[in-house]
Structures are given as structure tokens and as C-alpha cells.
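# Notes for the structure review
Residues per chain are reported as follows:
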Amino acid sequence: MMRTTVPPVACVGEPRLTAGFAEFGRLDHAAHEEVHGLLGPLEAAGLLRLAEGIQLKGKGGAGFPFARKLRAVLESCERQDLGAVVVVNATEGEPASWKDKVLLTRAPHLILDGAALAAYALDAEEIVLGVADDGVGRGSLLEALAERRMPVPTSVVTVPHRFISGEGGALVNGINGLPHIPPGTKKRSSDSGVNGLPTLLSNAETYAQLAVAARLGPYEYASLGTDDEPGTVLLTVTGAAARPAVVECAVGTPLRDILDLCEVPDGVGILTGGYHGKWITAEAADRAEISRKGLAAVGGTLGAGIIIPLGADTCPLGEAAQVVRYLAGESAGQCGPCKRGLPDLARAVDLAVAGSQPADVVRAAAGEVKGRGACSHPDGTARFALSAVEVFVDDLRLHAAGEGCGRRVKGVMGLPGAPDPAPQKLILDWSRCDGHGLCAHVVPDFIRLDANGYPAFPPTPVPTWLREGATKAVKVCPELALRLTKIES
């Protein structure tokens, strides 16, 4: 079952985004101004200088420079003689992430401050805040809006709590009344976003960091962090942690300090950056620091600020396989790499974990989707799967030997109960199957024919967008050998 309770908050060093939490819990507008002080507007040139001075990068995962986004929108507005829209992406569709929900529920005015700064600098027509329909954060945000005056009309839009809903293009589509999936072709929201207007779109934490920096100024802001990554960062630490929490720390803090704070036991590995992130070994964690450069140096990534350590009694490959299945089911299902490639990748990972095929098949399946999708979802999923087979190569050898690693799959990755409320899988009665092959022709995205002409498909849930095809495949089987069956929870 997906959690709906925001985890505890901790801090290593000086709190900034989390300042006042210990005293006030949730900061209403009066408490917010008491803790952070008043904030005046900035013209476009001043906001650009600030964003460049603190080297602010997006905190949603991609790490794109905020100043470049802001400048692109300004140039697009001038070129097209159009107004702008400011969009706050607070959807946080990844089940393992809670940092934005902490800001929504406890420091909503920091997010609104950052959005107001951007709107004033752009002379924007409106602000739109996107939140998930999981019931976490929306009420707090609406309450905060009722407590203050925003510089332009501001609205809150609710989107489905799905992994893909947080993709920038999917959020813009949802705000525009279209399906909450990425557009079929890559497009820049800075040119045409909400209502066709140039749109500044960034993550909730990014706007909150902007609000903190505007009060402190670039020099004081850079008193924490590293030379090329100033400031603090929010991390969601779960998995094997005895004290899971959202942690604020200065960039450059040793990862080991975070793991010790959250009472993480010795384990087999750590996922960094989230479901589109990378695995690192327990040994690498002792050398890593919390920064983009520091985590990259040991093979990890900061990504969306997610840290998921696995305990010594947990099967890392089995946990990874569950995530790849989830990601395959969470795609938009509108381009080939997602419709065919991700189910293939999930199948390859499943079979490698079962010891029935080598890791090279996983690498080949990942190679088929990398760089070819309509959004970054195939790339991120491939990166996650490749990282698992590279970091846990010794475990793969044990699985390939048929004995397994001796550890259990405990389901500690933060996945919801199921992305599909009524998941089903295909079952084949081998005593009836004569290898007609009709099923593979009906739903080739999921069923393939093996070297002997018999159907082959993964023992994973049928993705929701292929359910209709799988039902047709069952109906056309002349020997009634194929059936769909409900997966019991």
C-alpha cells in the first residue's frame, strides 16, 4: 500500500529549507515571515544574476540550470511578443520520493515565494502549481494561497499520481486539459507550454531554493555547499534505514553521515537518485559525498535526491526487477521504446534474475530503448537496469548458477502495491498449446514466438495499455491454451 503520511524531517548542519520546522511544524504565513523574513521582488536581470551566481540547478532530477530556463523564456516572450506562465512541478510521481511533499505540507510559502519571484521577473500572466492526486500537500498549498496575495492569478492543478505524470511535457499536457502523458515529440515549454505561451517550468524545491537565495544573497547562500554546487539539498532516505527521513544537508556532506543519521545498517548496495538513478556498492558509499560530482565519482547520481539502501539480507537483483516491472507498467505506452522495449527489458531482467539467461540480454534490451523515446523514461529505466547488473555482478553469477544469492526480495523500494489496481498476467496451458502463433500476431508487444514457434512472454503483469490486446489473444487461441488470470495481492 502506498504511504500517505509524510516521513520525519532531519537536518545535518544549518537548516534553510527546513528552518522553523522544529518550532512551528507547518509554517503558516506569519511563522514563515518570522523565520525567513520579508521578500521583495526582483527584476528579470536581477533574478538572472542571482540564479547564475548560486549556480542553481533543477532539483527534480535532470539538474538543468535554472538561469538558462529563465533566459530562454524571456527570449521567447520577446521573440513571439507573448506573455509567460510560471509552472511549479510539485507532482513528485516517484513513490520513493517525499522531499517535495515535505515542502508542500510544512513550508508551502517558500515554494510560493520562489514562484512569485519568477512571475514578477517575467511579468507572467499566471502561476500554475501541479500536485498529485494522492491527497498529500494540496490542502496545505491551498491554505497557504488563502493566507497571502500572489502577484498574478495562481491556481492548483491536480494530476494522476503516476511516475510519468511528473515529466515536464506530461504536466503541461495535463494543465492544458490533455491526457497526462508526455507529448509524442520533444518540445520546449519555454517556446510553447501552458495555453501555448512561453512557460517556465521547474521543480518545487528549485523554487524554494530560489526564495532562500533571494533573501540570503549569493555570497551567504554559497557559505554552505561546494564551490561549484553551493547551498543545501533535500534527500529522501528510506529502504533499510531504521529511521527513514527527509534530510536537509549542505552539498558536499559525506554520504556516510546521512546513512549514520538514518541508522542504516551494513548492506549490499544503495540506490542513488531514484528509479531513474544508479546503484553503488556499500564500499563506494564510504567514499561518496552528497553532490552531483561526488556521487558520479563513485558511479552514482544525485538525481531526484533519493537514497535507498538495501540491507544485507535483501536480494538486490530481485528488488531491481520489481522496479523495472513497475517502470514498464508506468510508461505512457505511446512510442515503440516504451510499448515494446520496456516490457522486453523487464522480461530480460526477470529471466536474468531467474538464472535462465545471461546479463548480456539485459544489456541488449537496454540498448534497444536508450536515446529513442519520446521522453526520458526509457533512458532512465535502461540506466537503472544496467546499473543493477553492473554493480551486482557477483549476485548475478550466483543466480546464473541456479542457487540464487540466498537473500529475500523484501519489497523495500517504496513501490506502491501495484501501478494497476487490478493486475493480470497471462497463463499458458502447455498441454493444450499447439504453437499456432496467433497470440503473438495479436499482441506482439508482449508475446513473442520462441525458436520452436511457441509463445513466450514474461511472468509479469500485462501492462495496462496491452490489456485489450492480451484479451484478444486469449479469445483467438484455437486450443483455449491461453488465459488471463488475476494476480492475488
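Use the structure listed above.
My aim in this report is to walk through the structure given alongside it, one point at a time. (Residues numbered from 1 in each chain as written. Predicted model: local features only at pLDDT ≥ 70, side-chain atom pairs only at ≥ 80, totals over all residues. Heavy atoms only, no water.)

### Some remarks on helix 15 (residues 359-369)
Residues of helix 15 that are buried include every one of Ala359, Val362, Ala365, Ala366 and Val369, and no others. Seen end-on, helix 15 carries its buried residues on one side only, within an arc spanning 115°. Turned more than 90 degrees off the buried face of helix 15, the exposed positions are Asp360 and Glu368. (Buried < 20%, exposed > 50% of the residue type's maximum accessible area, 1.4 Å probe, protein only. Helix = DSSP H or I, 4+ residues; strand = E, 2+ residues; numbered from the N terminus. Arc of directions from axis to C-beta.)

### Things to note about the packing of aromatic side chains
Aromatic ring pairs are reported here in terms of the distance separating the ring centres and the angle at which the planes meet. For the structure on display, the rule yields 7 aromatic pairs. Each ring, one from Trp279 and one from Phe392, has its centre 5.2 Å from the other, and the planes form 70°; the classification is edge-to-face. Taken as a pair, Trp279 in strand 9 (residues 278-280) and Phe392 in the loop between helix 16 (377-391) and helix 17 (393-400) lie far apart in primary sequence, 113 residues in all. Each member of the pair, Trp279 together with Phe392, is buried. When the ring of Trp430 is compared with that of Tyr454, the centres are 6.0 Å apart and the planes differ by 50°; the resulting orientation is tilted. Of this pair, Trp430 sits in the loop between strand 11 (424-428) and helix 18 (438-442) while Tyr454 sits in the loop between strand 12 (448-449) and strand 13 (455-456); the two residues are 24 residues apart in sequence, bridging distant segments of the chain. Here Trp430 falls in the exposed class, since its relative accessible area comes to 53%. By relative accessible area, which is 29% here, Tyr454 ends up partly exposed. The rings of Phe163, Tyr275 and Tyr326 are connected pair by pair, giving a single aromatic cluster. (Phe/Tyr/Trp six-rings, centres within 6.5 Å; stacked < 30°, edge-to-face > 60°.)

### Describing the sheet that holds strand 3 (residues 126-132)
Pairing within the open sheet is parallel, and its 4 strands lie in the order 4-3-2-5. Strands with a single pairing partner mark the edges of an open sheet, and in this sheet they are strand 4 (154-159) and strand 5 (199-203). Between one strand axis and the next, the sheet turns by 20° as a mean value, whatever way the strands run. With 6 bridges joining them, strand 3 and strand 4 adopt parallel strand pairing. Along strand 4, the bridge assignment pairs Ile127 with Thr154. (Pairing = 2+ DSSP bridges. Axes fitted to C-alpha atoms, helices over the stretch in contact; angles between N-to-C directions.)

### Observations regarding unusual backbone geometry
Phi at Gln55 is positive, roughly 50°, even though this residue is not glycine. Examined against the element boundaries, Gln55 turns out to sit in the loop between helix 3 (44-53) and helix 4 (66-80). Under the relative-accessibility criterion, Gln55 is labelled partly exposed at 32%. The backbone phi angle of Glu263 is positive, close to 55°, even though this residue is not glycine. In this structure Glu263 comes out as partly exposed when scored by relative accessible area, which is 42%.

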